[in-house]
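Chain by chain, the residues run as shown.
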Amino acid sequence: MRILVLGSGAREHAIIVALRSEDEPHAIFAAPGNAGIAADAHLVDLDPTDPEAVTAFAHDEAIDLVVIGPEAPLIAGVGDALRTRGIPVFGPGRAAAQLEGSKAFAKRVMDAAGVPTGRAIRARDSAAVAAALDELGAPYVVKADGLAAGKGVVVTDDRAAAIGHAEAFLPSGPVLVEEFLDGPEVSLFFLSDGDTVRALSPAQDYKRLGDGDLGPNTGGMGAYSPLPWLSERFGGEDEFVDLVTREVAEPVIRQLDAEGTPFIGLLYAGLILTDAGVRVIEFNARFGDPETQVVLPRLIDPLSQLLLATASGTLESHSKPAFAEAVAVTVVLASQGYPDAPVTGRALHGTDAAADVDGVHLAHGATARTDDGLIATGGRVLSVVALGSTFAEARGIAYEAIELIDLEGGQYRTDIAARVVED
Ligand code: AMP
Ligand code: GLY
């Protein structure tokens, strides 16, 4: 197949590594990609959010499948433009992508579909925010409505800080004040061709910057898959996945279809498992980063076939995707100053030695090659991905590898997957 992957993060690198691991050889193009992706795909100098440019390239290069990695091209309508031209594309159109692009839209769809989520109050000014905070009580959860790259949400016991956060976003529109949900978080991905839904294996993301879940929210500092502790509560991963498919994914996909905006691509359900049951905290309209780095290496079925079936409305002919028993752990290396003000342009050494650790590979997130070698070009620089037969093993080699990498001021968490390692 000739496949174009849009995006330049570690998630896109992980998608490309999975495509490359198939028996069938593919011609893979990435726009714009990064220095790590360059080793696994042909880089194309193309603005991934420009519907005309992407469509023209896909047409001229006889691309069989376009895979949209990040949310920006979805919101820009790249999926719509490709579908209009009859080019198979994995990624929803602009309207269905509002599930991620607007928290208010997502809440409305969940209400209409009867999907369990936290209570939320929309507030247009500071007085309404204060009233909503008092009604729902501490801890306070305040969310900006639109895309905010992980920075739109604050969870705090400090009422003044909650109001301050709301006031930063109010000039650009209403904010949501949400009921605090208590419990472990799970990221569960679903393929949807607009009608049929197929779940992947669950993962857990580490959203906060620091060990022990301290510090600011980030895009995600690490992840592991599968989640052995689901068994205690649900009897097994399959039981959990079936429950969420039935109660969350299928109703949402049916609702969007009924509204004339079918969702074709990846439905990411961000869940909190409260004592009262599973609740949705957010939807994304794309693969999660860094969860993809731990889910896809465990996928047994050829990814290209699943993505193409999703893009072309034939997912029903595929049974539930199968996953290896091997476990996966990923640790993200971030630049100094991430997430507020990442320092970029610094030299990155030791990546070859890290990738040589048995059972480890790297997914590059923000790297470029200069005459002097690799440099970091953004906040989340790369993901170290480790596979093992136990979490202790995978975690051990992930940290062995990341310690071989040298980036001045680089930051990473040291507790990724620690909770699933038995002492
Ligand atoms: P979101 O951007 O909606 O995924 O929120 C980012 C993070 O904030 C989530 O991963 C949770 O850790 C936390 N969060 C969001 N909403 C809630 C909530 N209602 N209750 C508790 N934590 C939340
Ligand atoms: N890791 C969270 C996300 O991709 O949104």
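As shown above, the structure is provided for reference.
Presented here is an overview of the structure given in this document. (Residues numbered from 1 in each chain as written. Chains lettered and ligands numbered in written order. Predicted model: local features only at pLDDT ≥ 70, side-chain atom pairs only at ≥ 80, totals over all residues. Heavy atoms only, no water.)

### A few points about the pattern of salt bridges
All told, the structure shown has 21 salt bridges when counted by the stated rule. One salt bridge connects Lys207 with Asp205, and the closest N-O pair in it is separated by 4.0 Å. Using a relative accessible area of 21% as the deciding quantity, one classes Lys207 as partly exposed. Ionic pairing is found between Lys320 and Asp238, a salt bridge with its closest N-O pair at 3.6 Å. Taken together, the residues span a long stretch of sequence, with Lys320 in the loop between helix H12 (303–311) and strand S18 (327–334) and Asp238 in helix H10 (residues 237–258) at a distance of 82 residues. (Salt bridge = Lys/Arg side-chain N within 4 Å of Asp/Glu carboxyl O. Buried < 20%, exposed > 50% of the residue type's maximum accessible area, 1.4 Å probe, protein only. Helix = DSSP H or I, 4+ residues; strand = E, 2+ residues; numbered from the N terminus.)

### Concerning the site of ligand 2
Residues in contact with ligand 2, as listed here, are Asp205, Lys207, Gly219, Tyr268, Asn284, Arg286, Gly288, Asp289, Pro290 and Glu291. Protein chains bury 90% of the 200 Å² of accessible surface belonging to ligand 2 in isolation. A class-by-class count of the residues in the shell around ligand 2 yields 2 nonpolar, 3 polar and 5 charged. (Near = heavy atom within 4 Å. Areas by Shrake-Rupley, 256 points an atom, 1.4 Å probe, with all protein chains shown as cover. Nonpolar A, V, L, I, M, F, W, Y, C, P; charged D, E, K, R; others polar.)

### Looking at the site of ligand 1
As a structural note, the neighbourhood of ligand 1 is formed by 15 residues, with Glu178, Glu179, Leu181, Glu185 and Glu282 the closest of them. In this structure, Glu179 approaches ligand 1 through a main-chain N or O atom, which is 2.9 Å from a nitrogen atom. Within the contact set of ligand 1, a nitrogen atom lies 2.8 Å away from a backbone nitrogen or oxygen of Leu181. Surface burial for ligand 1 is 91%, taken as the share of its 470 Å² of free accessible area covered by protein chains. Elements with a contribution of two residues or more to the shell around ligand 1: strand S7 (140–144), strand S8 (153–156) and strand S17 (277–284). Looking at side-chain class alone, the shell around ligand 1 contains 7 nonpolar, 1 polar and 7 charged residues. (Polar contact = N/O pair within 3.5 Å; in protein donor to acceptor, adjacent residues only side chain to side chain.)

### Regarding empty space enclosed by the protein
Inspection of the entire model under this criterion finds 2 cavities of 30 Å³ or more. Lining the largest cavity we find Leu99, Glu100, Lys103, Ala106, Lys107, Met110, Lys143, Leu176, Glu178, Ile281, Glu282 and Phe283. When residues of the lining of the largest cavity are traced back to their parent elements, those giving at least two are helix H5 (98–101), helix H6 (103–113), strand S9 (175–178) and S17. In terms of residue count, H6 provides more of the lining of the largest cavity than any other element does, 4 residues in total. For the lining of the largest cavity, the class distribution of residues is 6 nonpolar, no polar and 6 charged. Here the second largest cavity defines a volume of roughly 50 Å³. Contributing elements (two or more residues each) for the lining of the second largest cavity: strand S10 (185–193), strand S12 (204–205) and strand S16 (264–274). (1 Å grid on protein atoms, 1.4 Å probe; cavity = no way out; pocket = protein on both sides within 12 Å on 5 of 7 lines; lining within 4 Å. Points joined across faces, edges and corners; volume = space filled by probe spheres on them.)

### So, the sheet that holds S10
Strand order in this open sheet of 4 strands is S11-S10-S16-S17, and the pairing throughout is antiparallel. This sheet does not close on itself; its edge strands, each paired only once, are strand S11 (197–199) and S17. Between one strand axis and the next, the sheet turns by 35 degrees as a mean value, whatever way the strands run. For S10 and S11, the ladder comprises 3 bridges, and the chain directions are antiparallel. Bridging from a neighbouring strand, Ser192 pairs with Val197 of S11. The strands touched by H10 are S10, S11, S16 and S17; relative to S10, the strand with the most contacts, the crossing angle is about 55 degrees. Running over the sheet, H12 touches S10 and S16 and is turned about 60 degrees from S10. (Pairing = 2+ DSSP bridges. Axes fitted to C-alpha atoms, helices over the stretch in contact; angles between N-to-C directions. Contact = heavy atoms within 4.5 Å.)

### Some details on the sheet that holds strand S15 (residues 222–225)
Backbone-to-backbone hydrogen bonds join strands into a sheet, with any given pair of strands oriented parallel or antiparallel. Strand order in the open sheet formed by 5 strands is S12-S15-S18-S23-S20, and the pairing between neighbours is antiparallel. Every other strand in the sheet has two partners, leaving S12 and strand S20 (360–364) as the edge strands with one partner each. Relative to S18, S15 is paired through 4 bridges, and the arrangement is antiparallel. Counterpart to Ser225 in the pairing with S18 is Ala328.

### Describing H10
Taking 1.5 Å as the rise per residue, H10 with 22 residues should run 32 Å; its terminal C-alpha atoms sit 30 Å apart, in good agreement. Approximately 45 degrees is the largest bend angle found in H10, and it occurs at Thr245. Taken residue by residue, H10 has Phe240, Val241, Leu243, Val244, Thr245, Val248, Ala249, Pro251, Val252, Ile253, Gln255 and Leu256 as its buried positions. Once H10 finishes, Gly260 follows within two positions and takes phi at roughly 80 degrees, a positive value. (Expected span 1.5 Å × (residues − 1). Bend = angle between axes of the 7 residues up to and from the residue.)

In short, geometric facts, not functional conclusions.
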